[in-house]
Amino acid sequence: MIVPVHKVQIVALKEAKDALLKSLQRVGEIMLITPKENDASYIDSLAEEQLAERATRSLALLKKYQEKTGKTRIEITYDDFIKDNPEHEALLEQIEDCTRKLEESRQELLALKEKQASYLPWEALDIALDQLDAPKTAVLRLGLIPEGQVEHVIDLFNNTGNVLELLGKSDRQQAFVYAILKEDVSAIESELKNLGLTEVALPIIAKKPVEVLEEISRQSASLTTTIQESEEMLQELAKEQSKLKLMIDKAMSDTTLKQAQVTDTQATVFLEGWVRSDRKDRLIQAIEAITDVYDLAEIEPDLGEQVPTVTKNNQFVDSFETITDMFEKPHPDEVDPNPVMSIWYWLIFGMMMGDVGYGVVMVVLFALMIKKMRPKGNALRLFRVLMYSGVSTILWGILFGSYFGVSWNPILMSPMEKPLDMLILSIVIGACHIISGLLVKAYRNFRDKQYLAIFVDQFSWIFILIGVGLFFLPWGKSIGLWLAIGGAGLIVLFAGRKNKNVLARIGSGLYSLYGITGYLGDILSYARILALMLSSSVIAMVMNMLAGMLQSNAIGFILSLFVYLIGHVFNLAMGMLSAYIHDSRLQYIEFFNKFYEGGGIPFRPLTLQTSYVEMIHDSYQEN
Amino acid sequence: MNEGLLIAIIGAASAAAFGGLGSALGVQMAGKAATGVVSEKPELFGKVLILQALPGTQGIYGFLIAILVLVRLGLLGGSALPLGTEAGWAMFGACVPSILVLPVSAFFQAKMSVNSIMMVAKQPDSTAKGMTMTVLVETYAILALLASILMIQGIPL
């Protein structure tokens, strides 16, 4: 059901402002309204936001170094949570230093590797590099030549009486040092260029290449140790990541608190907001915990001001709200669609999957995931939807006699053998689904005292749908026919009742009757239940058959287990995805368009941001 | 093997082949858009993955048709029924709606998928809307599939 939401104004003394806001945040019951005449007061929450961002980044970096990926929440009391803890910031800085050092060392090591590669071909050169300039009558140079040209180069030098010495190799190039008499330089070098020479100039220093290389390997050894040390350090620090998580939640909470929009006067603080009508006492309690000097007044919303939507349902229905909310939240004035929708969603999901084995896997899997991962909000709701739908999958599986794709004792029918019966069942389910949607709308009209509309706009269609259905039963032919004609008559006579002119009224009524094509399309659309059910059971059957073919000997038997496992996991995943999507679609398009308005905005109270922590021993918190 | 059986198998094979081709193409198109979005916003992976998977169902439907034909013909775990040429053509005809509609619907659904992925990149909250609009294209694949299933089951052999 939809809980009424009231607009309240709170006035309190200015000195109580910070404590009051904190208390309101702790109780999480008021959604603040941004003041209209906001004097553009500059909100400085930059420091908190940056802190949250830094901590988030560090946490992401630490992920690599943590040993096991536990997703359990950190349990903490409110007082411990809200306390500023300098230790945490020190930890953050330590992690940041460490990662910076690690990154720098890695960069340096990379640069060293490049340097090493450039010196390696010259390792055999047995003179210091600054000696290359020493000869007076000749030039002494280093060069690289493509491997294929080496023989030509050697010939060239031998023929002209100049000297060269081959050194190491680098990337299909031969490194060599050569000496040319000064008078021959230009001639020989142009010849060498034709052969593909690359001249190399190493820095002029008083060291042999081999010495430089030794120095490099010393440096890189020390860098490697630094890297190792940093990584070990990070591994150590990763054990403390719960502190980082705490910090993130704290910083995010502080950010929202800073951004809370209130109006200050000289001596008072004034705030407006939405509060659930059933939780007003909790709000008052939170204020009175801080100050006795306050005023709380309930006021009417402004004209055209959108009231946020709050729904309150039992756990089953509440889980399915996530499906509706993904489409649109209900409007606060309408009937909550979730109680009816949840049952249909559950039923149709089970029909689409329709296998006892898969149902059991779904229930166990999602129950375990809820227990281990302790998700919150919409993730928790979705997991619950899938867990509950697993139960419905089991029930339909028993009716269809399907156990991991093996057919055994179907109670109702085996859809593989009698697809036509299954098609009829799907369509009957669809018609009931649509009728229930019309009934919700009828209830809304009843609530709004639109009694004629109930008969004309909803019951008429229900009569037609039921009438057409009865028409196909052996005993219901004439009843069905008259029921459908009655419904059609209601529509033709009254649907156009807004028109004064009788002819225009009948015309408009006839046009409304044309809407029957829409109903036809909607109901046929439920045939997808059959299609999805068949495709998942056929694939399960094929997987069983493939595995069965392998089971002729021991190795085959082991292989067949893999085929079972992979095949059924794949089929289950695809089946769940399809069922989730197509079931949602049936709700959104076929069901909701019969009555649903939507367009509600979510109720987002000022509250603590807890992605990683869980408050314990806090009388204010619930759920 | 007689001619009827041959014709029927060509129909079944084409349904599986064309459905698979369409879906492979479609999932690849949607996947390219999805990788682009994920490279910028890795947190949207779960949402765009669902949208990417949408054009993949046609391949499964094609496969489903092929299996149903094989079961009907007694080629899976039984002895093949003797099939007249006319019955073979009838079986082929039953596959035609799937052969034609599945790849086309996968292709166009993929185009819708790509657009929805782009929409989700800008407005992550509208995933359900994008999903629903994309699934609308699949309706016709499902109708073609149903027509094929009913014919395969109904043809007297």
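Residues numbered from 1 in each chain as written. Chains lettered and ligands numbered in written order. Predicted model: local features only at pLDDT ≥ 70, side-chain atom pairs only at ≥ 80, totals over all residues. Heavy atoms only, no water.

**Describing the overall build of chain B**
And step 1. In terms of helices and strands, chain B carries five helices and zero strands.
And step 2. Its C-alpha atoms give chain B principal-axis dimensions of roughly 60 × 20 × 20 Å.
And step 3. Taking all 157 residues of chain B together, the buried fraction comes to 51%.
And step 4. At a minimum sequence separation of 6, the contacts of chain B that also span at least 24 residues come to 84%. (Helix = DSSP H or I, 4+ residues; strand = E, 2+ residues; numbered from the N terminus. Buried < 20%, exposed > 50% of the residue type's maximum accessible area, 1.4 Å probe, protein only. Contact = heavy atoms within 4.5 Å.)

**A few points about the packing of aromatic side chains**
Residue and element names in this part refer to chain A.
And step 1. All chains considered together, the criterion is met by 28 aromatic pairs over all chains.
And step 2. Aromatic pair Phe316 and Tyr388: ring centres 5.1 Å apart, planes at 55 degrees, arrangement tilted. Here Phe316, found in helix 10 (residues 315–327), pairs with Tyr388, found in helix 13 (residues 377–400); they are 72 residues apart in sequence, far enough to count as distant.
And step 3. Plain terms: the ring middles of Trp461 and Tyr519 are 4.4 Å apart, the flat faces sit at 20 degrees to each other, and that makes the pair stacked. Note that Trp461 is positioned in helix 15 (residues 451–471) and Tyr519 in helix 18 (residues 516–524), a separation of 58 residues in sequence.
And step 4. Of the residues examined, Trp461 reaches a relative accessible area of 9% and is grouped as buried.
And step 5. Stacked on the ring of Phe471, the Lys or Arg Lys477 has its end atom at 5.0 Å from the ring centre. (Phe/Tyr/Trp six-rings, centres within 6.5 Å; stacked < 30°, edge-to-face > 60°. Lys NZ or Arg CZ within 6 Å of the ring centre and 35° of its normal.)

**Some points on a nonpolar patch on the surface**
Residues and elements named next belong to chain A.
And step 1. A cluster of nonpolar side chains, contributed by Leu550, Ile555, Ile558, Leu559, Phe562, Leu565, Ile566 and Val569, occupies part of the molecular surface with about 800 Å² of accessible area.
And step 2. As for its position among the elements, Leu559 is in helix 20 (residues 554–591).
And step 3. Assessed through its relative accessible area of 45%, Leu559 is described here as partly exposed. (Patch = residues over 30% accessible without salt bridge, like charges linked within 9 Å, V, L, I, M, F, W, Y side chains within 5 Å. Areas by Shrake-Rupley, 256 points an atom, 1.4 Å probe, with all protein chains shown as cover. Salt bridge = Lys/Arg side-chain N within 4 Å of Asp/Glu carboxyl O.)

**Here's the deal with the sheet that holds strand 5 (residues 138–146) of chain A**
Residue and element names in this part refer to chain A.
And step 1. If you trace the four strands from one edge of the open sheet to the other, you get 6-7-5-8, paired in antiparallel fashion. A strand with exactly one partner marks an edge of an open sheet, and here the two such strands are strand 6 (163–170) and strand 8 (198–200). Taken over all neighbouring pairs, the strand axes of this sheet differ in orientation by 30 degrees on average, direction set aside.
And step 2. Relative to strand 7 (residues 173–181), strand 6 runs antiparallel, the two being bridged by six bridges. Bridge pairing in strand 7 places Val163 opposite Ala179.
And step 3. On the sheet, helix 6 (residues 185–194) packs against strand 5, strand 7 and strand 8 and is oriented at approximately 165 degrees with respect to strand 7. (Pairing = 2+ DSSP bridges. Axes fitted to C-alpha atoms, helices over the stretch in contact; angles between N-to-C directions.)

**Structural notes on unusual backbone geometry**
Residues and elements named next belong to chain A.
And step 1. Although it is not a glycine, Arg374 sits at a positive phi angle of roughly 45 degrees.
And step 2. Checked against the element boundaries, Arg374 lands in the loop between helix 12 (356–373) and helix 13.
And step 3. With relative accessibility at 28%, the residue Arg374 sits in the partly exposed group.
And step 4. Its identity as a non-glycine residue notwithstanding, Asn409 has a phi of 50 degrees, on the positive side.
And step 5. Looking at where Asn409 falls in the secondary structure, it is placed in the loop between strand 14 (406–407) and helix 14 (419–447).

**Looking at the interface of chain A and chain B**
And step 1. Taken together, the contacts link 29 residues of chain A with 27 residues of chain B.
And step 2. Around 2400 Å² of area is buried between chain A and chain B when both sides are counted, 84% of it from carbon and sulfur atoms.
And step 3. Summed over the shared surface of chain A and chain B, the number is zero salt bridges.
And step 4. Joining chain A to chain B, the criterion identifies three residue pairs in polar contact (both at pLDDT 80 or more).
And step 5. Where the side of chain A that touches chain B is concerned, the elements lending two or more residues are helix 10, helix 14, helix 19 (527–550) and helix 20 of chain A. (Buried area = accessible area lost by both parts, 1.4 Å probe. Polar contact = N/O pair within 3.5 Å; in protein donor to acceptor, adjacent residues only side chain to side chain.)

**A word on the pairing of strand 4 (residues 74–77) of chain A**
Residues and elements named next belong to chain A.
And step 1. Burial along strand 4 is one-sided: the face carrying Ile74 and Ile76 is buried and the face carrying Glu75 and Thr77 is not.
And step 2. As judged from the four bridges shared by strand 4 and strand 16 (residues 613–616), these two strands associate in the parallel manner. Among the inter-strand pairings, Glu75 is bridged to a residue of strand 16, identified as Glu614.

**Focus on the confidence of the model for chain A**
And step 1. Scored by pLDDT, chain A has a mean of 88; 97% of the residues are at 70 or more.
And step 2. Of all helices and strands in chain A, the one with the weakest mean pLDDT is strand 16 of chain A (78), whereas helix 11 (residues 338–353) of chain A scores best (96). (pLDDT = per-residue confidence, 0-100.)

**Quick notes on the environment of Leu166 of chain A**
All names here are of chain A.
And step 1. Tracing the backbone shows Leu166 in strand 6.
And step 2. For Leu166, a relative accessible area of 38% puts it in the partly exposed group.
And step 3. Along the primary structure Leu166 and Pro121 are separated by 45 residues, whereas in three dimensions their C-alpha atoms are 9.9 Å apart.
And step 4. Contacts of Leu166, omitting those with residues within four sequence positions, involve Val150, Ile154, Gln174, Ala175 and Phe176.

**Description of the pattern of salt bridges**
All names here are of chain A.
And step 1. For the coordinates displayed, the defined rule picks out 30 salt bridges over all chains.
And step 2. Lys239 is paired through a salt bridge with Glu236; the nearest N and O atoms lie 3.6 Å apart.
And step 3. Given a relative accessible area of 54%, Lys239 falls into the exposed group.
And step 4. The salt bridge involving Glu590 is made with Arg585; its shortest N-O contact spans 2.8 Å.
And step 5. A residue is classified by how much of its surface remains accessible, and Arg585, at 4% relative accessible area, is buried.
And step 6. Several salt bridges converge on common partners, so that one network encompasses Lys7, Asp302 and Glu305.

**What about the packing of helix 16 (residues 477–494) of chain A against helix 17 (residues 502–513) of chain A?**
Residue and element names in this part refer to chain A.
And step 1. Across the interface, helix 16 lies against helix 17 with an axial gap of 6 Å and an inter-helix angle of 135 degrees. Classified by the angle between their axes, helix 16 and helix 17 sit oblique to one another. Together, Ala488, Ile491, Val492, Leu493 and Phe494 of helix 16 and Arg505, Ile506, Gly509, Leu510, Ser512 and Leu513 of helix 17 make up the contact between the two elements. (Parallel < 35°, antiparallel > 145°, perpendicular 65-115°, else oblique.)

**Things to note about the pairing of strand 12 (residues 308–311) of chain A**
Residues and elements named next belong to chain A.
And step 1. Burial along strand 12 is two-sided: the residues Pro308 and Val310 and Thr309 and Thr311 are all buried.
And step 2. By the bridge criterion, two bridges tie strand 1 (residues 2–3) to strand 12 in an arrangement that is antiparallel. Across the sheet, the residue bridging to Ile2 is Thr311, located in strand 12.
And step 3. Alignment of strand 12 against strand 15 (residues 601–602), held across two bridges, turns out to be parallel.

**Re the side chain of Asn544 of chain A**
And step 1. Mapped onto the elements of the fold, Asn544 of chain A is located in helix 19.
And step 2. Not counting residues up to four positions away in its chain, the partners in contact with Asn544 of chain A are Phe404, Gly405, Val406, Tyr564 and His568 of chain A.

**Some words on the sheet that holds strand 1 of chain A**
And step 1. Ordered by their spatial adjacency, three strands build an open sheet running 1-12-15 (chain A), and the pairing between neighbours is mixed. Because the sheet does not close on itself, it has two edges, and the strands there are strand 1 and strand 15 of chain A.

**Considering the side chain of Gln587 of chain A**
And step 1. Within the secondary structure layout, Gln587 of chain A lies in helix 20.
And step 2. Apart from residues lying up to four places away in sequence, Gln587 of chain A is in contact with Met341, Trp344, Tyr345, Ile348, His433 and Phe592 of chain A.

**A closer look at the nonpolar core**
And step 1. In this structure, Phe349 and Met422 of chain A are the most contacted members of the largest nonpolar core, which totals 108 residues.
And step 2. With eleven residues, helix 4 (residues 85–122) of chain B is the largest single contributor of residues to this core.
And step 3. Each residue touching Met422 of chain A, except ones within four places of it in the same chain, is listed here: Met351, Phe400, Met413, Pro415, Ile529, Leu530 and Met533 of chain A.
And step 4. Trp122, Leu167, Leu223 and Leu234 of chain A belong to the second-largest nonpolar core, a separate cluster that totals 36 residues. (Core = buried A, V, L, I, M, F, W, Y, C linked by side-chain atoms within 4.5 Å.)

**Brief notes about helix 15 of chain A**
All names here are of chain A.
And step 1. Over its 21 residues, helix 15 extends 28 Å from the first C-alpha to the last, a length consistent with the 30 Å expected when each residue adds 1.5 Å.
And step 2. Of all the residues in helix 15, the buried ones are Ala453, Ile454, Val456, Gln458, Ser460, Trp461, Ile462, Ile464, Leu465, Gly467 and Leu470.
And step 3. For helix 15, the secondary structure elements touched by its buried residues are helix 14, helix 16, helix 17 and helix 18. (Expected span 1.5 Å × (residues − 1).)

**What about the confidence of the model for chain B?**
Residue and element names in this part refer to chain B.
And step 1. Per-residue confidence for chain B gives a mean pLDDT of 90; residues scoring 70 or more make up 99%.
And step 2. Here helix 2 (residues 45–53) is the element of chain B with the lowest mean pLDDT, 86, and helix 4 is the one with the highest, 95.
And step 3. On the interface metric, ipTM, the complex scores 0.78, and its pTM is 0.80.

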